[in-house]
Amino acid sequence: MEKTKTLNAEKVKETLLNYALYIILVVMLLVVVCIEPRFISLRNITNILSQASTRGIIALGVAGIIIIGGTDLSAGRILGCCAAISASLLQSVDYASRYYPQITEPLPLIVPLLITIAVAVIFCLFNGFGVAFLHMHAFIVSLGTQLIAYGSCCIYIENQANGAQPLSTLDERYKDIVKGSLEIGSVEIPYLIFYFLLCAVVVYIIWNHTVLGKNMYAIGGNIEAATVSGINIKLNIMLIFLIAGICYGIASFLEAARIGSVTTNVGLNYEFDAISGCVIGGVSWSGGIGTVPGVILGVILLQTINYSLTFLDVNPYLQYIIKGFLIVLAVAIDVRKYLAKK
Amino acid sequence: MTNSYVLEMSGISKQFPGVKALDDVQLKVRKGTVHSLCGENGAGKSTLMKCLFGIYNKDAGEIKLEGESVNFTGPKHALEHGVSMVHQELNQVLQRSIMENIWLGRFPRTKLGTVDTKKMYNDTKAIFDELEIKADPKARIGKLSVSERQMVEIAKAVSYNTKLLVLDEPTSSLANEEVAQLFKIINKLRDDGVGIIYISHKLEEILEISDDVTIMRDGHWISTNKAEDLTTQKIINMMVGRTMENRFPPKTNKPGDVIMSVKNLTGMYMPSCIDVSFDLRKGEILGVAGLVGSRRTELLETIFGTAHHRSGEIIVNGKSVNNKTSQDALKNGFALLTEERRATGIFGVGSILFNSVIANIRSYKRGLFLSNKKMKGDTQWVIDSMHVKTPSQKTKIKSLSGGNQQKVIIGRWLLTKPDILLMDEPTRGIDVGAKYEIYELINNLAAEGKGVMVVSSEMPELLGICDRILVMSNGHMAGILDIKDATQEKIMELAVKYV
């Protein structure tokens, strides 16, 4: 093999292009730090991390679906619906206009958590059924599911004695367990970060150490090869959606308490942040590629950009534009990497 | 050497609509031997293998594995019985590691139920050591070369305790030293008592590695011989030894001046054509022959501009043209009839009208809109002059027969008024009667003074309709034969020149 200079130049160009996104993000952060050195503070970092937590848990669910070659547009609305359920079940029993006046004794926290997860799982299995058995593209199924979830959420919230009120005044135990933090010396680490980490570890083990995980990569990478190897494609697709459902359920439970007051607007565009995080974190839109650390990094990077733009008081509409360009760039680079060249 | 058979296929027949793909074919593979399967493209080798693996249902015949009658329902089923195949197109999950690809669908598990990566690694390593494969089981398979990926596929077969291994054109993209490594592995497996079916076009290799050689032609079994009794010449004679029937229309075209000169054309991304130069005349039908993988399609695509070229020049009517996209090619008077009609030719749910006018759609613009009248007129021209049998212009093209679909596509390209027509396998999957009509069309086009290039895997077809035949071999142009001197044997000799 001969190595010519032009080849090396091409290689450098390739590498630069492949990592262009990270280079741009790091440059952006450096610019932020230059403009406002106070940005680097422990408080800001824990803020970013705890904000990234619920979105990160959703992203872990969506990532699996993207790896098998799908996507999920309904994640945000499913979260909204489930958050409403969670909040309604865990309003303070002293609150007069609570959703369920018949609940007079506080429920054990595990009950609402399980109910929330169950509802999210039902929505996701509906998506999974459409993909695995009806051979629809996940994009279309979840587009429909998104509306179904939103409509259900609105009806649920509206169905109160006093009309559509935000579901607030939550149980103190609920708020403590979600919004509390662990004090190590002078550092306060929100529990949320631990929940996120725990979910990440579990998903990491599933992806890397179980048959389901390996099958997931195989289905996304080459469904033909997976089929001839005797993998039950339908079952595995359903299981991936099931995991996504569990992730959404947990995220909903946490998000309701984090916000403290659930309206029909909760969950709007969450899927956008989750999918963006996945793509920035290197989950390939063409399927078969993606890692848990990548997803975590992607979500945190995106949240950092979000946070820093707000921190610098950038016009919120301009923030949308910047984020939009980031997504397009991320996907463009991803597609470029796996393009077959003629 | 033992005489017991690991595989006995006898009386295998398979009929497709319009074609008898296999007719009473037999193949008997002895234990611990390499049995080569030879034949031209379309002789029925792959159909026979597909019948073995249950991808096709055979119409008649019996398959016995180690004396017991078997009927596989698919590759996975065959694998479980120790029968595996390494395809020319490797079916692997490129994003994942070597060992994951080997154990896909049957990962070993730990007591906890998680995947036992350690066992997977050790088992893979053990097989690799046995076969003397050096790759790291944890490496991503997409990073390996084609030959290494092939070795992995063979290792996968070994991991299923294979009794019978089918290798389909394993060396078509390998360099010499890689072939040596592959042969070492094949010999090792043979010594272990594995029966190996070796499908290849490379006759020297066949003679080097095989114990037995079975030759097929036109879906028939021709002979099975000991390799030591054969020579390449004998094999070629048996492969092509058929008489020509009156399957072609009389030639009416007369080649004139040069219309296109291709000079030192080399594709940008390999595999592609390498340093190909030739002239095409007005009114000439230039055939392009070659084996599978000889990059005939790539040559056409590179000329047409849908594949990039690294170097070289194309001169049309004395002017240098640079086709960077298909739009350029159309402007410069080129038309390309693609090989995979279903995948890249027809718009299946579109009407005859849509399929006829789509390549020429700009010329129907009347202001912002399209002129329906003109489109209908042109579609009628396609239907009439190509003799398309269709109930109406509105009929969906997918409901027509393959031959009629192809006529619409040819008509589509003629509407763009091309000077140079590039046709890739224009008669593939078309029955004999329709083929004759396509040949007539090609003939008439040439007679009108157009330059026509026809890629075909069927040598008799090229010999029947062409004025000259360009033979590709492994990306290189092996030579151009005038039709007066061309024979199947000569084409074959050129086709294997660079492999």
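Here the structure is a predicted model, which is why all the values come from computation and not from measurement. (Residues numbered from 1 in each chain as written. Chains lettered and ligands numbered in written order. Predicted model: local features only at pLDDT ≥ 70, side-chain atom pairs only at ≥ 80, totals over all residues.)

Undergrad: Explain the overall build of chain B here, please?
TA: Each helix and strand counted, chain B has 17 helices and 22 strands in total. Radius of gyration (C-alpha) of chain B: 25 Å, near the 23 Å computed for a compact globule of 499 residues. Dimensions along the principal axes, computed over C-alpha positions, put chain B at roughly 75 × 55 × 45 Å. Across the 499 residues in chain B, those meeting the buried criterion constitute 46%. (Helix = DSSP H or I, 4+ residues; strand = E, 2+ residues; numbered from the N terminus. Rg over C-alpha atoms; globule rule 2.2 N^0.38 Å. Buried ≥ 20, exposed ≤ 12 C-beta atoms within 10 Å, placed from the backbone.)

Undergrad: Please explain the interface of chain A and chain B as it appears in this structure.
TA: How big an interface is tends to be expressed through the accessible area that disappears when the partners come together. The interface is formed by 19 residues belonging to chain A together with 20 residues belonging to chain B. When residues of the side of chain A that touches chain B are traced back to their parent elements, those giving at least two are α9 (211–221) and α10 (223–228) of chain A. At five residues, the largest contribution of residues to the side of chain A that touches chain B is made by α9(A). The class makeup of the residues in the side of chain A that touches chain B is eight nonpolar, seven polar and four charged. (Contact = placed C-beta atoms within 7 Å. Nonpolar A, V, L, I, M, F, W, Y, C, P; charged D, E, K, R; others polar.)

Undergrad: Would you take a moment to explain the domain arrangement of chain B for this structure?
TA: Domain boundaries in chain B define domain 1 (5–240) and domain 2 (258–495). For domain 1 of chain B and domain 2 of chain B, the distance between their C-alpha centroids amounts to 34 Å. (Domains from an automatic or database assignment.)

Undergrad: How should the sheet that holds strand β15 (residues 319–321) of chain B be read in this particular structure?
TA: The strands that make up a sheet are held in pairs by hydrogen bonds between backbone atoms, and each pair lies either parallel or antiparallel. Residue and element names in this part refer to chain B. Here we have four strands laid out as an open sheet, ordered β12-β11-β14-β15, and antiparallel in their pairing. At either end of the open sheet lies a strand with only one pairing partner, and these are β12 (276–281) and β15. The average angle at which neighbouring strand axes cross in this sheet is 20 degrees, direction not considered. Packed onto the sheet, helix α9 (residues 296–304) meets β11 (258–267), β12 and β14 (309–316) and runs at close to 110 degrees relative to β11. (Pairing = 2+ DSSP bridges. Axes fitted to C-alpha atoms, helices over the stretch in contact; angles between N-to-C directions.)

Undergrad: What am I meant to see in the sheet that holds strand β13 (residues 285–289) of chain B here?
TA: Residues and elements named next belong to chain B. Taken in spatial order, the six strands line up as β16-β19-β20-β13-β21-β22 in an open sheet, and their pairing is mixed. Of all the strands in the sheet, the pair left with one neighbour each is β16 (334–337) and β22 (476–482). Going across the sheet, the axis of each strand differs from the next one's by a mean of 20 degrees, ignoring polarity. Alignment of β16 against strand β19 (residues 420–424), held across four bridges, turns out to be parallel. Across the sheet, Leu-337 pairs through a bridge with Met-423, a residue of β19. Of the strands in this sheet, β13, β21 (468–473) and β22 touch helix α17 (residues 488–495), which is tilted by about 30 degrees from β21.

Undergrad: I'm lost on the nonpolar core in this one. Help?
TA: Counting residues in each nonpolar core, the largest one holds 235 residues, and the members touching the most others are A:Ile58, A:Val62, A:Cys247, A:Tyr248 and B:Leu422. The element best represented in this core is helix α11 (residues 233–259) of chain A, accounting for 15 residues. Both domains that meet at this core, namely domain 1 (5–240) and domain 2 (258–495) of chain B, each give it at least three residues. Sequence-distant contacts of A:Ile58, defined by excluding residues within four places in its chain, comprise A:Ala75, A:Leu79, A:Cys247, A:Tyr248, A:Ala251, A:Tyr270 and A:Ala274. (Core = buried A, V, L, I, M, F, W, Y, C linked by C-beta atoms within 7 Å.)

Undergrad: Is there a simple way to think about the pairing of strand β8 (residues 195–199) of chain B in this case?
TA: Within a regular strand, the side chains alternate between the two sheet faces. Residue and element names in this part refer to chain B. Burial analysis of β8 places five of its five residues in the buried class, which makes it a mostly covered element. Side chains Gly-195, Ile-197 and Ile-199 of β8 all project onto a buried face; the interleaved residues Ile-196 and Tyr-198 project onto the opposite face, where all are buried too. In this sheet, β8 lies alongside strand β3 (residues 34–38) in parallel orientation, the contact comprising four bridges. Bridge pairing in β8 links Val-34 to Ile-196. Where strand β7 (residues 164–168) and β8 come together, five bridges link them in parallel fashion. The residue bridging Val-166 from the neighbouring strand is Ile-197, located in β8.

Undergrad: How should the pairing of strand β1 (residues 181–184) of chain A be read in this particular structure?
TA: Residue and element names in this part refer to chain A. Sheet analysis places β1 next to strand β2 (residues 187–190), joined by four bridges and oriented antiparallel. Pairing of Leu-182 across the sheet is with Ile-189, part of β2. With antiparallel pairing between neighbouring strands as the criterion, β1 and β2 make up a hairpin whose turn holds two residues, including Gly-185 at a positive phi of roughly 60 degrees.

Undergrad: I would appreciate a short explanation of the packing of helix α4 (residues 75–89) of chain A against helix α6 (residues 138–158) of chain A in the present structure.
TA: The angle between the axes and the distance between the axes are what describe a pair of packed helices. Residue and element names in this part refer to chain A. Where α4 contacts α6, the axes come no closer than 8 Å and their chain directions differ by 25 degrees. One finds that α4 runs roughly parallel with respect to α6. With respect to the hand of their crossing, α4 and α6 are arranged in left-handed fashion. For the pair formed by α4 and α6, the contact residues are Arg-77, Ile-78, Gly-80, Cys-81, Ala-84 and Ile-85 on the first element and Gln-146, Ala-149, Tyr-150, Ser-152, Cys-153, Tyr-156 and Ile-157 on the second. Its residues placed into classes, the contact of α4 with α6 shows nine nonpolar, three polar and one charged. (Parallel < 35°, antiparallel > 145°, perpendicular 65-115°, else oblique. Left-handed = near helix turned anticlockwise from the far one by under 90°.)

Undergrad: Any chance you could explain helix α6 (residues 176–191) of chain B here in plain terms?
TA: Three or four residues apart is the spacing at which side chains of an α-helix point the same way, because the helix has 3.6 residues per turn. All names here are of chain B. The end-to-end C-alpha distance of α6, which contains 16 residues, comes to 23 Å, matching closely the 22 Å that a straight helix rising 1.5 Å per residue would cover. Listed in full, the buried residues belonging to α6 are Gln-181, Leu-182, Ile-186 and Leu-189. One side of α6 holds all its buried residues, which, seen down the axis, span an arc of 140 degrees. When the buried face of α6 is taken as reference, the exposed residues oriented beyond 90 degrees from it are Asn-176, Glu-177, Ala-180, Lys-184 and Asp-191. Along its buried surface, α6 packs onto β3, α5 (146–159), β7, β8 and α7 (203–209). Of the residues flanking the end of α6, it is Gly-193, one or two places downstream, whose phi is positive at about 95 degrees. (Expected span 1.5 Å × (residues − 1). Arc of directions from axis to C-beta.)

Undergrad: What should I look at first to understand α17(B) in this one?
TA: Residues and elements named next belong to chain B. Listed as buried for α17 are Gln-488, Ile-491, Met-492, Leu-494 and Ala-495. Within α17, the buried residues cover an arc of 165 degrees as seen down the axis, which keeps them to one side. At its buried positions, α17 is contacted by α8 (232–240), β13, α16 (459–465), β21 and β22.

Undergrad: Would you mind showing me how to read unusual backbone geometry here?
TA: Glycine aside, residues mostly have negative phi, and peptide bonds are mostly found in the trans state. At A:Asn269, a residue that is not glycine, the phi angle is positive and equals roughly 70 degrees. Secondary-structure assignment places A:Asn269 in the loop between α11 and α12 (270–280). Despite not being glycine, B:Asp218 has its phi angle at roughly 50 degrees, a positive value. Among the structural elements, B:Asp218 can be located in the loop between β9 (212–217) and β10 (220–226). Judged by the 17 C-beta atoms lying within 10 Å of it, B:Asp218 is partly exposed.

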